[in-house]
Amino acid sequence: MNTNLSLSQLGWRAFFQQQLTLNDLEHTLIARIITYHRDHFVVQSEQGCHKVLVNSDHPPLTVGDWILVTQHNEHWLFTRLLERLTLLSRKSAGSKLSEQLIGANIDTLFIVSSHNQDFNLSRFERYLALAYQSECLPVVVLTKRDQCAEPEQHIAQLTALDNHLTVLSVNALERGSVEQLMPWCGKGQTLAFVGSSGVGKSSLVNSLCEQQLSDTGAIREDDSKGRHTTTHRALHVLNVGALLLDTPGIRELQLSDCQQGVELTFNDISELAQQCRFADCSHQLEPGCQVLAALQKGLLTQRRITNYQKLLKEQQRNTQSLAQLRSQDRSLGRFYRNVQADMRNLKGR
């Protein structure tokens, strides 16, 4: 990353400025996290890049966060996390009970898929729920246009989900085609790309930046899927001035704390559900169900109704599981502190 960048070029806004005190301005340095690893992260300030070691006392942090740091001898230390404008997060993949932060303070979320076997409406709805919950602006980018005989069919299916949704169809290897993304790439704007591995996300990033920021991997011909080519999250400054958050491909996206995002993604079903005769209508056999009436009239598809119910149940289940885990962690922390206090009292006798 260029070391000669102002705060505004890094995405600084009045929203963050209002969180600072006079003491912060006098004694700390404002910086943004640009890469995050297991044992350290790198921040960018107006004075350049600095390495900060990860500490167990830190709050959960991610790429894109604005933080305050101080220098002690030759080391830079974390001081405070500023409140975020937006936050992308998910439940960790598999059975692990934890929340994984994807990126913070993102303005536009590019949801990347391809015109091949990866195209899946239910997956798009999952990503849209993530975007709406975080309050990022979602823009769908369909890659591999040159390999699809009728790309307009995919575009029509997506705009049928939401007629306000922006859908772009590109060839990620052609700079001219990728220029369709430029309206969202203004100076200081932060962009994020999410999507499965092998959809051309890294190629898209490289074409947009006009330089090799990410390695690219070949597609497996048997299932049109690819290998992971990005191994960690990183924030890059594009030549046009926008900041781009490059993330590893997401094979599994489990939602948590995402009810509002799901309701906004399926606002057509949500509005109909409010008109059902019963407040707890399951939209299966109940009389007076407006969702079933819309299905019978051909205004809704069974796939969309099923996915709506699936995502609502999933986010509720994951939210409850994570809440229980946090409660257990707090109880265990109190137990440890009480034991330590008892040990100190015994030593003092």
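Scroll up to find the structure this text is about.
Residues numbered from 1 in each chain as written. Predicted model: local features only at pLDDT ≥ 70, side-chain atom pairs only at ≥ 80, totals over all residues. Heavy atoms only, no water.

*Asks:* Break down the overall build of the protein for me, citing the residues and quoting the values.
*Replies:* Looking only at helices and strands, the protein has 10 helices and 15 strands in total. For the protein, buried positions account for 49% of its 349 residues. Nonlocal contacts in the protein, meaning residues at least 24 apart in sequence, comprise 63% of its contacts between residues at least 6 apart. For the protein, the computed accessible surface area is about 18,200 Å², with 48% contributed by carbon and sulfur atoms. (Helix = DSSP H or I, 4+ residues; strand = E, 2+ residues; numbered from the N terminus. Buried < 20%, exposed > 50% of the residue type's maximum accessible area, 1.4 Å probe, protein only. Contact = heavy atoms within 4.5 Å. Areas by Shrake-Rupley, 256 points an atom, 1.4 Å probe, with all protein chains shown as cover.)

*Asks:* Give me the lowdown on the pattern of salt bridges, citing residues and values where you can.
*Replies:* Across all of its chains, the model carries nine salt bridges by this definition. Residues Asp24 and Arg80 are paired through a salt bridge, measuring 2.5 Å at the closest nitrogen-oxygen approach. Pair noted here: Asp24 is in helix α2 (residues 22-27) and Arg80 is in strand β5 (residues 75-81), with a separation of 56 residues, a long-range link. Accessibility expressed as a relative area gives 28% for Arg80, which makes it partly exposed. Ionic pairing is found between Glu314 and Arg126, a salt bridge with its closest N-O pair at 2.7 Å. Of this pair, Glu314 sits in helix α10 (residues 302-348) while Arg126 sits in helix α3 (residues 121-134), and the two are 188 residues apart along the sequence. (Salt bridge = Lys/Arg side-chain N within 4 Å of Asp/Glu carboxyl O.)

*Asks:* Got a sec to walk through helix α4 (residues 151-161)? Specific residues and values, please.
*Replies:* All of the buried residues along α4 are Pro151, His154, Leu158 and Leu161. One face of α4 carries all of its buried residues, which in axial projection span an arc of 75 degrees. (Arc of directions from axis to C-beta.)

*Asks:* Tell me about α3, and name the residues and values.
*Replies:* Over its 14 residues, α3 extends 20 Å from the first C-alpha to the last, a length consistent with the 20 Å expected when each residue adds 1.5 Å. Most of α3 is tucked away, with 12 of its 14 residues classed as buried. Every buried residue of α3 is accounted for by Leu121, Ser122, Phe124, Glu125, Arg126, Tyr127, Leu128, Ala129, Leu130, Ala131, Tyr132 and Ser134. Looking one or two places after α3, you find Glu135, whose phi comes out positive at around 70 degrees. (Expected span 1.5 Å × (residues − 1).)

*Asks:* Can you lay out the environment of His236 for me, pointing to particular residues and giving the numbers?
*Replies:* Structurally, His236 can be placed in strand β14 (residues 234-237). Between the C-alpha atoms of His236 and Leu10, which are 226 residues apart in sequence, the distance is 9.9 Å.

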